[in-house]
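# Analysis of the macromolecular model
The residues making up each chain are set out below.
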Amino acid sequence: MYPTLVTVLVATTAYITLFNRSLLTNIKATLATNLTFVYNWFEIGHGQSYFDRAMGGESPFTHLWTLSLEANSI
């Protein structure tokens, strides 16, 4: 799972860099928290509601928090 996650993060970050630079805000923290499977807590800590963000065309990393549940259940 981890090599696939890294591939997704690199490819998505490259896409964002080329086509939607506004999503580069906090990209280092976003990548770090996704790699450590705590992105959901990062979002909660920044006062973001998952459901509000998912409906508004937000970061493509929004849904990666589910991997933390899968990784911790193995």
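Criteria and cut-off values
- Residues numbered from 1 in each chain as written.
- Predicted model: local features only at pLDDT ≥ 70, side-chain atom pairs only at ≥ 80, totals over all residues.
- Heavy atoms only, no water.
- pLDDT = per-residue confidence, 0-100.
- Helix = DSSP H or I, 4+ residues; strand = E, 2+ residues; numbered from the N terminus.
- Expected span 1.5 Å × (residues − 1).
- Buried < 20%, exposed > 50% of the residue type's maximum accessible area, 1.4 Å probe, protein only.
- Arc of directions from axis to C-beta.

In this model, the protein carries an average pLDDT of 78, and 66% of its residues clear a pLDDT of 70 or more. Summarising per-element confidence for the protein, the mean pLDDT is lowest in helix α4 (residues 50-54) (59) and highest in helix α2 (residues 27-35) (91).

The end-to-end C-alpha separation of helix α1 (residues 2-19) is 26 Å, in line with the 26 Å expected for 18 residues at 1.5 Å each. Listed as buried for α1 are L5, L9, T12, T13 and I16. The arc enclosing the buried residues of α1, seen along the axis, measures out at 105 degrees, which places them on a common side. α1 presents P3, T4, T7, V10, Y15, L18 and F19 as exposed residues on the side facing more than 90 degrees away from its buried surface.

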